[in-house]
Amino acid sequence: MSEAASVPFSETKAPESPERLHKGALRLIDISASTMANIGPAYSFYFSFGFIVFTAGIAAPLTIVAAAVAIALLANTLSQFSRAQPSTGGFITFVGKTFGGTSAVTTALLCGAGYIIAISSVLVISGGFLSMMLNFYLGWNVPWIIFSVLLTAGAVAMMIRGVAVSTKLAGFFFGFEMVVLLIVAVATLIKNGGTLSLAPFDPHHINGGFSGLAAGFPLAIYLFIGWENSAALAEETGNPRRNVPRAVFLSVAIMAVTYLLLAYSTVSGFRDNGTALANASIPFINVAHGVVAFLAFIAYLAGMTSTLGVLIAAVNSQCRLVFNAGREGLLPRWIGKVDPVRRTPINAIFAFVGIASVIVLGWAIGHWVGGSGGSLNALNYFTESGTMGTILILVVYFLANLALPFYYRRYRPSEFSVVKHLVLPVLGMAAIAVPVYYLCKPGQANPYDWFPYAALGIVIISVIYAAVLTRRDPALGDRVGSIVADE
């Protein structure tokens, strides 16, 4: 056997004629809708806000304000990179182009691991939420795993058909959930008009002061995960240097305002009773029930469509990151293949969803072996996998912020701005340090206590593998960012 054949990623040379996606298939409105569908306001808010209130108290909306500022700092970094070098590789390209091949492969592995672990929570919660809904209204007790398999298969079929079709479907789901969320929120505020106050925005109502706000900060950051969706769609977007940054900031701004409205109306719906709110499984649904029973039903539907929108939009964008890494030779070349007719990254889609499914299976086996099979429910897995995936994703965010000033000083010195390319990314790194600390600090309950060690292990293995691979293929670093989205 030859030396090249013994290397796990043996086909590291990018093909002479790169596999290209469907150029110009998407517009600004398409990638903006896809980004917000990826964020999934109903999906994210339903399952996260109760815990944020548990940590911060009724002033939980201030935690969301802090998270929105942190995400805006990250959005600056992504926008500056996208204006200079739009790429389907997103953070992988930006970090790798700045620091070289080893950093590119490391980032590709961290991106892949973090996003796949996080998407596995969506695969599970899609079936889990539908199971909960049918049980509540019809009394059916159908295992969530059945619905998860069926819904995931349907989503994959849509993504294979083409990016325009699947992105528009995700946008449709997003539009429906937004209308429902706004109707329920406004109806709640009208009903409780006589008792509304500014207590949710009063810092004195934060439990434990700064420590209470910071404890819920990681989950508030999680509300926005998916904000970077549009960068990975750059190759399929018309004028990506202009439209990707616009989509990033537009999506973050709209989601920030939406979350603040939802948070304020939910706290108001519970009459500022933080204890009752934190103990509710899905507080927003409880509030909808308190207004009109029918609103609760459509709120359930919004949660369902939101979950499906997240599933489609997230896999669509995130699988393109690993697709591009395969296309440029950072990962096995077969990952970088596209369907010859529909121009979709079919292998990357299957790999992304397949590995996520294996992770879910491993989680289930681990619980059974550990004697905690009774906790095999979708909500538990959502929290556990979301936390683990977020740790790795935050590491990638940190690397991207670190890379921005070096990139502009090296490749675009005449455009370097102290504020945009140095001060803001440094503030972004500082903002990321807070959720990383609270996700990794000692004394957490099992299994969260070993997540930081697992993340550190993945980082170390990624760096070692990247160093070995780059040493065997010195030209790898030159291929990073070689495929620019608008060329």
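Structure report, in brief. This one's a predicted model, so the numbers in the text were calculated from it and none came from an experiment. (Residues numbered from 1 in each chain as written. Predicted model: local features only at pLDDT ≥ 70, side-chain atom pairs only at ≥ 80, totals over all residues. Heavy atoms only, no water.)

So, about the packing of aromatic side chains. Under the defined criterion, the tally for this structure stands at 32 aromatic pairs. Seen in terms of ring centroids, F45 and F284 are 6.1 Å apart; in terms of plane orientation they differ by 90 degrees. Their pairing is edge-to-face. A residue pair is termed long-range when its members are at least 10 positions apart, and F45 in helix α2 (residues 41–56) and F284 in helix α13 (residues 283–291) qualify at 239 residues. Owing to a relative accessible area of 1%, F284 belongs among the buried residues under this scheme. Arranged with centres 6.1 Å apart and planes meeting at 50 degrees, the rings of F172 and F173 form a pair that is tilted. We classify F173 as buried; its relative accessible area is 14%. Here R409 stacks its cationic end above the ring of F416, 5.0 Å away from the centre of that ring. (Phe/Tyr/Trp six-rings, centres within 6.5 Å; stacked < 30°, edge-to-face > 60°. Helix = DSSP H or I, 4+ residues; strand = E, 2+ residues; numbered from the N terminus. Buried < 20%, exposed > 50% of the residue type's maximum accessible area, 1.4 Å probe, protein only. Lys NZ or Arg CZ within 6 Å of the ring centre and 35° of its normal.)

With respect to the helices and strands, I29 occurs in helix α1 (residues 28–39). Separated by 218 residues in sequence, I29 and A247 place their C-alpha atoms 7.8 Å apart.

Quick look at the packing of α2 against helix α5 (residues 101–138) now. Packed helix pairs are characterised by how far apart their axes lie and by the angle those axes make with each other. One can describe the packing of α2 onto α5 by two numbers: an axis separation of 13 Å at closest approach and a directional angle of 85 degrees. Considered as vectors, α2 and α5 are oriented roughly perpendicular to each other. Across from Y43, Y46 and F47 in α2, the residues of α5 making contact are S121, V122, I125 and F129. A per-class count over the contact of α2 with α5 returns six nonpolar, one polar and no charged. (Axes fitted to C-alpha atoms, helices over the stretch in contact; angles between N-to-C directions. Parallel < 35°, antiparallel > 145°, perpendicular 65-115°, else oblique. Contact = heavy atoms within 4.5 Å. Nonpolar A, V, L, I, M, F, W, Y, C, P; charged D, E, K, R; others polar.)

Turning our attention to the side chain of S44. Assignment of secondary structure puts S44 in helix α2. Among the polar contacts listed, one links the side chain of S44 to the backbone oxygen of I39, at a separation of 2.7 Å. Contacts of S44, omitting those with residues within four sequence positions, involve I39, Y222, L223 and Y259. (Polar contact = N/O pair within 3.5 Å; in protein donor to acceptor, adjacent residues only side chain to side chain.)

Attention now moves to the environment of Q318. If you trace the backbone, Q318 turns up in helix α14 (residues 293–327). Along the sequence, Q318 and F350 sit 32 residues apart, while their C-alpha atoms lie 12 Å from each other. Setting aside residues up to four positions removed in sequence, Q318 forms contacts with N38, Y115, I119 and F352.

In this structure, P447 follows N446 across a cis peptide bond, with omega equal to 5 degrees. Its place among the elements puts P447 in the loop between α17 (418–440) and α18 (451–472). Despite not being glycine, D272 has its phi angle at roughly 60 degrees, a positive value. Among the secondary structure elements, D272 is positioned in the loop between α11 (240–269) and α12 (274–279).

Next up on the list: the state of the cysteines. In this structure the tally under the stated criterion is zero disulfides. For the unlinked cysteine C319, the closest cysteine sulfur is that of C111, found at 13 Å. For C319, a relative accessible area of 0% translates into the label buried. In this structure C440 is a free cysteine whose sulfur lies 17 Å from that of C111, the closest cysteine sulfur available. When its relative accessible area of 30% is taken as the criterion, C440 is described as partly exposed. (Disulfide = S-S within 2.5 Å.)

Using the criterion set out here, one finds six salt bridges in the structure. Residue E235 pairs with R327 through a salt bridge whose shortest N-O separation is 2.8 Å. Separated by 92 residues along the polypeptide, E235 in the loop between α10 (229–232) and α11 and R327 in helix α14 bring together distant segments of the chain. Neither E235 nor R327 differs from the other in exposure class; each is buried. The partner of R320 in a salt bridge is E236, with the nearest N and O atoms 2.9 Å apart. With R320 in helix α14 and E236 in the loop between α10 and α11, this residue pair connects regions lying 84 residues apart in the sequence. Each of the salt bridges in this network shares a partner with another, and the network as a whole consists of R27, D30 and K168. (Salt bridge = Lys/Arg side-chain N within 4 Å of Asp/Glu carboxyl O.)

Function-wise, these values are silent; they only describe arrangement.
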